[in-house]
Amino acid sequence: MATEAQLAAERHGVFLTTVTRLYNWGRRSSVYPLSFGLACCAIEMMATGMARVDLARFGAEMFRASPRQADLMIVAGTVTKKMAPQVVRLYNQMPEPRYVISMGACATSGGPFRDGYNVLRGIDLLIPVDVYVPGCPPRPEALLHGLMTLQAQIDAQRLDAVRWYSDREARDHPVPSLGRHGLELDGQTIDPVGGLPLLSPLTSPHAEEQRSGQLEHPQEIRLFPIMDDTVARETPWRARGVAREIAADDLKRGGAHE
Amino acid sequence: MSDQPAAVRLTAALPAAWRDAARLEAHAADLPAVARFVRDRLGYAMLTNLTAVDDLARGEIEVVYHVVSPAGGAPLAFRARTPRAAARLPSLVACWPGAELQEREAYDLFGVTFDGHPDLRRIYLWDDFVGHPMRRDFPRQGDKYIAGAGEE
């Protein structure tokens, strides 16, 4: 709300704002995506950058060829298990603050290839995702809406709470290796043949547990989270994993966990 | 060029090579001779497709070769079968160089070993992967097969 004094000051060229707001304005107005496509979603991503939809209206037209210059990774398409280590490595090479949009059904959950032997069941098993864009593939308008959602999220971030500017020790996300039966982290198969992947902390658990911040059934064995501690700092409920009944209710688990 | 269809000329020229002449299924040992005849005498200079079929009921893997002639005419497909337990066939890379990648693909996904292939490695999957996922007895995986809810 602009007060009379503010308006009077603005007439003399003096503008009042907060550092957070100014910072967020600058950051959300220049989100540079990584020039990086994996499958047919990348075609829609290119169309989003072209004149008809024109990503440039939102300051995100600068597709960078190097992860060192990019703010946003649009995971556009099917992430095969063979490609997953490279995706995580690219994410690790991006400077913070960095954001991830999971574009399309395949990047979000594996999509139609979810039950196959060769496709990762969602990139959020390995890196944190800010915005999911559903669709197969999503239309350019949908990706644009995903970007605008991300901009709204950036607008809402507080400089004293955001994880990039804390005193934590910056660490890379663990890069999986290609094992005998699938992807491995620390010698443990994370996406086994004939079984479910280990639950990511980066999926969306039940809303109740999100709101209260309390574990509803702390005695239950938690499904093992793959994460880095920066997530724990911003959203502690994610770091504690998810109870089995919540996981059973989760779309990504298919409700069939035993 | 004779007016007879290529398949008729092929079966007539190599009468001993066939395990099932009606469907152009060659004996494994006679496969190179059949391939040379198809390429040199019938003019099929290009191998467009090499694929495999896992016949679990008969315990065999069938490898199908699709060839076309640049001069035109109908394409031709011939086959060879090999037991699943020890799947081996002679390589046709010497005849059609284009077979190299496709034989690697069949080796990767179906586990057919091609004798005489210059560089038989996995092509899609990584070297450490165990199993051949396009075989029909490869373990089923995924949510829909868990807790008895899967299709049979």
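Residues numbered from 1 in each chain as written. Chains lettered and ligands numbered in written order. Predicted model: local features only at pLDDT ≥ 70, side-chain atom pairs only at ≥ 80, totals over all residues. Heavy atoms only, no water.

Enquirer: If you had to explain the pairing of strand 2 (residues 99-103) of chain A to someone new, which residues and values would you point to?
Expert: Residues and elements named next belong to chain A. Within strand 2, five of the five residues are buried, which leaves the element mostly enclosed by the surrounding structure. Here strand 2 shows a buried face lined by Tyr99, Ile101 and Met103 and a second buried face lined by Val100 and Ser102. Looking at chain direction, strand 1 (residues 72-76) and strand 2 are connected through five bridges and run parallel. Paired with isoleucine 74 across the bridge in strand 2 is isoleucine 101. One ladder, built from three bridges, connects strand 2 with strand 3 (residues 131-133); its direction is parallel. Residue pairing in the sheet places methionine 103 in a bridge with valine 133 of strand 3. (Buried < 20%, exposed > 50% of the residue type's maximum accessible area, 1.4 Å probe, protein only. Helix = DSSP H or I, 4+ residues; strand = E, 2+ residues; numbered from the N terminus. Pairing = 2+ DSSP bridges.)

Enquirer: Run through the pattern of salt bridges, naming residues and quoting values.
Expert: Residue and element names in this part refer to chain B. Considering all chains together, one arrives at 20 salt bridges over all chains under this definition. Residue glutamate 60 pairs with arginine 81 through a salt bridge whose shortest N-O separation is 2.7 Å. Of this pair, glutamate 60 sits in strand 4 (residues 60-68) while arginine 81 sits in strand 5 (residues 76-83), and the two are 21 residues apart along the sequence. Taking the relative accessible area as the measure of exposure, glutamate 60 reaches 12% and is therefore buried. Among the ionic contacts, a cluster of salt bridges with common partners joins Arg19, Arg23, Glu25, Asp55, Arg58, Glu60, Glu62, Arg79 and Arg81. (Salt bridge = Lys/Arg side-chain N within 4 Å of Asp/Glu carboxyl O.)

Enquirer: Kindly report on the nonpolar core, identifying the contributing residues and their values.
Expert: What tends to happen in soluble globular proteins is that the nonpolar side chains get buried as a cluster. By size, the foremost hydrophobic cluster in this structure holds 40 residues, and its most contacted members are Leu10, Val38, Tyr65, Phe78 and Trp96 of chain B. Elements that contribute at least two residues to this core include exactly helix 1 (6-13), helix 2 (31-41), strand 3 (46-55), strand 4, strand 5 and helix 3 (99-110) of chain B. Residues within four places of tryptophan 96 of chain B in sequence aside, it is in contact with Ala35, Val38, Arg39, Tyr44, Ala45, Met46, Leu47, Val67 and Phe78 of chain B. In this structure, Phe36, Val87, Val100 and Leu185 of chain A belong to the second largest nonpolar core, which totals 23 residues. (Core = buried A, V, L, I, M, F, W, Y, C linked by side-chain atoms within 4.5 Å. Contact = heavy atoms within 4.5 Å.)

Enquirer: Can you lay out the packing of aromatic side chains for me, pointing to particular residues and giving the numbers?
Expert: Scanning all chains against the criterion turns up five aromatic pairs over all chains. Pairing phenylalanine 129 of chain B with phenylalanine 138 of chain B gives two aromatic rings, centres 6.2 Å apart and planes at 25 degrees, and the pair type is stacked. Judged on exposure class, the residue phenylalanine 129 of chain B and its partner phenylalanine 138 of chain B are both buried. Three or more aromatic residues joined by ring pairs form one cluster here, namely Tyr117 of chain A together with Trp126, Phe129 and Phe138 of chain B. Of note, arginine 98 of chain A hangs over the ring of tyrosine 91 of chain A, and the distance from its end group to the ring centre comes to 4.2 Å. (Phe/Tyr/Trp six-rings, centres within 6.5 Å; stacked < 30°, edge-to-face > 60°. Lys NZ or Arg CZ within 6 Å of the ring centre and 35° of its normal.)

Enquirer: Pulling in residues and values, what's your account of the state of the cysteines?
Expert: Residues and elements named next belong to chain A. In total, this model carries zero disulfides over all chains according to the counting rule given. Lacking any disulfide linkage, cysteine 40 is separated from the closest cysteine sulfur, that of cysteine 41, by 5.3 Å. Taking relative accessible area as the criterion, cysteine 41 reaches 6% and is therefore assigned buried. (Disulfide = S-S within 2.5 Å.)

Enquirer: Before we move on, could you go through the environment of isoleucine 154 of chain A and cite the residues and values that matter?
Expert: All names here are of chain A. By secondary structure assignment, the location of isoleucine 154 is in helix 6 (residues 140-156). Classification of isoleucine 154 as buried rests on a relative accessible area of 0%. A sequence separation of 23 residues divides isoleucine 154 from valine 131, and the C-alpha atoms of the two residues are 11 Å apart. Setting aside chain neighbours within four positions, we find isoleucine 154 in contact with Asn24, Arg27, Arg28, Val31 and Tyr99.

Enquirer: Run through the sheet that holds strand 1 of chain A, naming residues and quoting values.
Expert: Residue and element names in this part refer to chain A. On the basis of which strands lie adjacent, the open sheet formed by three strands has the order 1-2-3 and parallel pairing. Either end of the sheet is taken by a strand with one partner, and the two such strands are strand 1 and strand 3. Averaged over neighbouring strand pairs, the angle between their axes works out to 15 degrees when direction is ignored. Together, strand 1 and strand 2 form the strand contacts of helix 3 (residues 40-49), whose direction differs from that of strand 1 by roughly 130 degrees. (Axes fitted to C-alpha atoms, helices over the stretch in contact; angles between N-to-C directions.)

Any link to function would need more than the numbers given here.
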